[in-house]
Amino acid sequence: MKYFSTNNPHLTASLREAVINGLAPDRGLYMPESIRPLSSDFYADIHQLSFHDIAFEVAKAFFGDDIPAEDLRQITADTLSFDVPLVKVANGIFSLELFHGPTLAFKDVGARFMARMLEYFIAHPVQEHQAPRGDVNVLVATSGDTGSAVANGFLGVKGIHVFVLYPKGKVSPIQECQFTTLGRNITAVEVDGVFDDCQRLVKQAFLDADLRHHLSMTSANSINVARLLPQAFYYFYAYAQLRRQQLAGKAPQGAPVISVPSGNFGNLTAGLFAHRMGLPVARFVAANNANDIFYHYLRTGDYSPKASIPTLANAMDVGDPSNFARILALYGSAHKAICKDIAGATYTDDDISTTMRRCHESTGYVLDPHGACAYEALLNHVGPAQPGIFLETAHPAKFKEKVDTILGTDISLPPRLAAFMKGVKHSEPMSSDFADFKAFLLSR
Ligand SMILES: *Cc1c(COP(=O)(O)O)cnc(C)c1O
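So, how was this worked out
Residues numbered from 1 in each chain as written. Predicted model: local features only at pLDDT ≥ 70, side-chain atom pairs only at ≥ 80, totals over all residues. Heavy atoms only, no water. Helix = DSSP H or I, 4+ residues; strand = E, 2+ residues; numbered from the N terminus. Expected span 1.5 Å × (residues − 1). Buried < 20%, exposed > 50% of the residue type's maximum accessible area, 1.4 Å probe, protein only. 1 Å grid on protein atoms, 1.4 Å probe; cavity = no way out; pocket = protein on both sides within 12 Å on 5 of 7 lines; lining within 4 Å. Points joined across faces, edges and corners; volume = space filled by probe spheres on them. Nonpolar A, V, L, I, M, F, W, Y, C, P; charged D, E, K, R; others polar. Near = heavy atom within 4 Å. Polar contact = N/O pair within 3.5 Å; in protein donor to acceptor, adjacent residues only side chain to side chain. Areas by Shrake-Rupley, 256 points an atom, 1.4 Å probe, with all protein chains shown as cover. Pairing = 2+ DSSP bridges. Axes fitted to C-alpha atoms, helices over the stretch in contact; angles between N-to-C directions. Contact = heavy atoms within 4.5 Å. Core = buried A, V, L, I, M, F, W, Y, C linked by side-chain atoms within 4.5 Å. Phe/Tyr/Trp six-rings, centres within 6.5 Å; stacked < 30°, edge-to-face > 60°. Lys NZ or Arg CZ within 6 Å of the ring centre and 35° of its normal.

Draft legend 1. Main features of helix H3 (residues 51–63). Here H3 contains 13 residues, and its C-alpha end-to-end distance of 18 Å stays within 8% of the 18 Å for a straight helix at 1.5 Å per residue. For H3, the set of buried residues is Phe51, Ile54, Ala55, Phe56, Val58, Ala59, Ala61, Phe62 and Phe63.

Dropping the structure here:
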């Protein structure tokens, strides 16, 4: 299947090119040329299928033209070594717990899939001259969660070197340990600056002709189709689990409302792809923190990027969501059609704390600040006899200090998280000057 650029439908690339380059040459985002609906048999039997079987069917619809079925099955199986359970929180209200992967964040799914797919393409060059020169260098700027998921997803993958740029002193100790203690093909770069400096260094590196000539570089955030599209898997699996509940009389009938805590909108966009493939969804809700650019767009049709505002749900502190261009492309920029499928919501830090406390008191369920936005938005948009699913994107222990302060709890660190804390930290100190970063990359 071909992938076209959101800036120019005539500029196309193969899946291999789209994954290895990340961004189109005109700086647009890649979109698959067609979206294949899944069969009615698939939907009729979905409640009997395993997560692996479901994910494999979805993966074939996206990537089946480009990767042989057996290889695709292996890539999918290697990605999904953990469960994504649908947990009942209240009557008709379910949490899709996306945080049971190695770094306890939903980004594990996309990061692991992308690592395996890139590994496959490196191991199977189509022609001699298309083999990348030296390692493929994955550059990723992080304020915490992305760096840990990407570093752990790519750890030990042959032919790939990962550089994680993070702002000195501005990520939590738990997050820092998750990418600075790994070693091997993972290099942590501690930038003397803020997150925006890290992002600027990465962007400049991609644009630098000299670097491009010497190094093969790609991005591992949700602009990359290999990270974005696999996120559709768990929407189908959530529906399968909901069907089981419905058939057992334990959930209201009908298509669910699905609420997604959103920052760069990769997760929500993957859900929109699933819906295009026929997944029954009554409506999506885009739950934002105080960074309300998309909410404002839904209300007015006007899209005005802003500087991001720091909030309790910091993985959603995005002032210019990168996947907005993909949402426009999916709907031919029709504002009305977008509003029909997606409702919006925005919450202040006070709202988030109140929601976390109220949910904990009334249901016993511990929300993290990101999931809290989605939970509150779901309650505001689901009907009384309608099933609702919110995506819980991070384990609350990843934000232990905040959660404990708000709820008065002392939640325990899962062993996987505690293990990272025992490693030895190693990172390369870096100024926020691009010339220094460039010299560093060239010297390796
Ligand atoms: C990245 C992240 C989000 C936002 O996801 P997008 O795909 O960027 O919208 C939400 N919650 C958590 C915990 C995250 O790490």
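Read on, since the account is not over.
Draft legend 2. Structural context of empty space enclosed by the protein. Per the stated rule, a full pass over the model turns up two cavities of 30 Å³ or more. Here the largest cavity defines a volume of roughly 40 Å³. As for the largest cavity, its lining consists of Ser262, Gly263, Phe265, Asn288, Asn291, Asp292, Ile293, Phe294, Met316, Val318 and Pro321. Residues belonging to the lining of the largest cavity are distributed by class as follows: six nonpolar, four polar and one charged. Estimates place the volume of the second largest cavity at around 30 Å³. What lines the second largest cavity is simply Ser143, Gly144, Asp145, Gln175, Asn314 and Ala315. Here the lining of the second largest cavity is composed, by residue class, of one nonpolar, four polar and one charged.

Draft legend 3. Geometry of the site of the ligand. In the region of the ligand, 15 residues are neighbours, and Lys107, Gly263, Asn264, Phe265 and Thr393 sit closest. Between an oxygen atom of the ligand and a main-chain N or O atom of Gly263, the distance comes to 2.7 Å. Within the backbone of Asn264, a nitrogen or oxygen atom sits 2.8 Å from an oxygen atom of the ligand. Across the complex, the protein chains shield 97% of the 380 Å² of accessible surface that the ligand would expose by itself. A class-by-class count of the residues in the shell around the ligand yields six nonpolar, seven polar and two charged.

Draft legend 4. Seen up close, the sheet that holds strand S2 (residues 8–13). Spatially, the three strands line up as an open sheet ordered S2-S1-S3, and their pairing is antiparallel. Two strands bound the open sheet, and with one partner strand each, they are S2 and strand S3 (30–32). Here the average twist between neighbouring strands, direction ignored, is 45°.

Draft legend 5. Representation of the pairing of strand S5 (residues 93–97) within the structure. Along S5, five of the five residues are buried, which leaves the element largely enclosed by surrounding structure. Burial along S5 is two-sided: the residues Ile93, Ser95 and Glu97 and Phe94 and Leu96 are all buried. The pairing of strand S4 (residues 86–90) with S5 spans four bridges and is antiparallel. The residue bridging Lys88 from the neighbouring strand is Phe94, located in S5.

Draft legend 6. Focus on the sheet that holds strand S7 (residues 160–167). Pairing is parallel in the open sheet, where five strands are placed in the order S9-S6-S7-S8-S14. Two strands bound the open sheet, and with one partner strand each, they are strand S9 (216–219) and strand S14 (428–430). Each strand of the sheet is rotated relative to its neighbour by a mean of 30°, with strand direction disregarded. Pairing geometry for S7 and strand S8 (residues 186–191), over six bridges, is parallel. Across the sheet, residue Tyr166 finds its bridge partner in S8, namely Glu190. Helix H8 (residues 195–207) rests against strand S6 (136–141), S7, S8 and S9 of the sheet, and its axis sits at about 150° to S6. Running over the sheet, helix H20 (residues 434–442) touches S6, S7, S8 and S14 and is turned about 150° from S14.

Draft legend 7. Molecular detail of the environment of Phe62. Locating Phe62 in the fold gives a position in helix H3. Separated by 168 residues in the primary sequence, Phe62 and Pro230 place their C-alpha atoms 8.9 Å from one another. Ignoring any residue separated from it by four or fewer positions in sequence, one finds Phe62 in contact with Met1, Tyr3, Leu229, Ala232, Phe273 and Met277.

Draft legend 8. Seen up close, unusual backbone geometry. A positive phi angle is found at Arg184, which is not glycine, with a value near 50°. By relative accessible area, which is 65% here, Arg184 ends up exposed. Unlike most non-glycine residues, Phe265 shows phi in positive territory, near 70°. Relative to the helices and strands, Phe265 resides in the loop between strand S10 (257–261) and helix H12 (266–276).

Draft legend 9. Layout of the nonpolar core. One finds Phe63, Phe154, Tyr234, Tyr235, Phe236 and Phe294 to be the most contacted residues of the largest nonpolar core, which totals 139 residues. Excluding its chain neighbours within four sequence positions, the residues that come into contact with Phe294 are Phe265, Ala286, Asn288, Phe324, Ile327, Ile338 and Ile342. The next biggest cluster of nonpolar side chains, apart from the first, holds 19 residues, and it includes Leu201, Ala205, Leu211 and Met430.

Draft legend 10. Region of the structure containing the packing of aromatic side chains. The tally for this structure, following the rule as stated, stands at 21 aromatic pairs. Arranged with centres 6.1 Å apart and planes meeting at 65°, the rings of Phe42 and Phe236 form a pair that is edge-to-face. Of the two residues, Phe42 sits in helix H2 (residues 40–45) while Phe236 sits in helix H11 (residues 233–247), which places them 194 residues apart along the sequence. Of the residues examined, Phe236 reaches a relative accessible area of 0% and is grouped as buried. Between Tyr166 and Phe179, the aromatic rings sit 5.0 Å apart at their centres with planes inclined by 70°, giving edge-to-face as the arrangement. With a gap of 13 residues between them, Tyr166 in strand S7 and Phe179 in helix H7 (residues 173–180) connect regions that are remote in the sequence. Of the two residues, Tyr166 and Phe179, both sit in the buried class. For the cation-ring pair, Arg276 lies above Tyr331, with the distance from its terminal atom to the ring centre recorded as 4.9 Å.

By themselves these figures say nothing about function.
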